[in-house]
Amino acid sequence: MELYAIDGARPKELLKVENVSWVDYHPNGRQAALLHFDGSITLGDLDAGTSRRLPARGSGRWLTAALHPTDPLIAVLSPLERVVQIRDLATGEVRVPLK
């Protein structure tokens, strides 16, 4: 998947990430979370054009995600496995596992 800024005269590539199953954009428009088929999560800083990857935690194959609007958290959901995790974006750790 490729993410571009299109607010200039020419499109500018911000991020290029492989094997993406879902994308969620932060309400501020400056961050994106990209879920991968292996359960890992790429966090993209769209202003800087950088990213870092959080490893998979548990067996979840995340089908959807939502970045928290004010706190550095993400909720990831795997309805097939009936698992929800609240992950800390700073550490990558699971704060709250729900089954």
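This section reports on the structure supplied with the text. As the structure is a prediction and not an experimental result, all values here were calculated from the model. Once a new chain begins, its residue numbering starts again from 1 and follows that chain's sequence as written. Local features in a predicted model are, by the rule used here, given only for residues with pLDDT of at least 70; side-chain atom pairs are given and counted only at 80 or more, and totals for whole chains, interfaces and linings are based on all residues. Just so you know, side-chain values use all the structure's heavy atoms and leave hydrogens and water out.

## Brief notes about the sheet that holds strand β4 (residues 31–36)
Strand-to-strand pairing in sheets goes through backbone hydrogen bonds, with the strands running parallel or antiparallel. Across the sheet, four strands lie side by side as β3-β4-β5-β6; this open sheet has antiparallel pairing. Lying at the two open borders of the sheet, with one neighbouring strand each, are β3 (20–25) and β6 (50–54). The mean angle between the axes of side-by-side strands here comes to 20 degrees, regardless of whether they run parallel or antiparallel. With five bridges joining them, β4 and strand β5 (residues 41–45) adopt antiparallel strand pairing. What sits directly across from leucine 35, in β5, is isoleucine 41. Whether two strands pair depends on DSSP finding at least two bridges between them. Numbering of helices and strands starts at the N terminus; helices are DSSP runs of H or I of at least 4 residues and strands are runs of E of at least 2. Lines fitted to C-alpha atoms define the axes, with helix axes restricted to the stretch in contact, and inter-axis angles between N-to-C directions lie between 0 and 180 degrees.

## Examining the pairing of β4
Classification of residues uses two cut-offs on accessible area relative to the type maximum, computed with a 1.4 Å probe and protein chains only: under 20% is buried, over 50% is exposed, and between them is partly exposed. A large share of β4 lies buried, amounting to five of its six residues. Taken together, the five bridges between β3 and β4 define a ladder with antiparallel strand orientation. Note that in β4 the partner of aspartate 24 across the bridge is alanine 33. From the end of β3 to the start of β4, which pair antiparallel, there are five residues, and glycine 29 there has a positive phi angle of about 75 degrees. Here β4 folds back onto β5 in antiparallel fashion, the turn holding four residues, of which glycine 39 has a positive phi close to 95 degrees.

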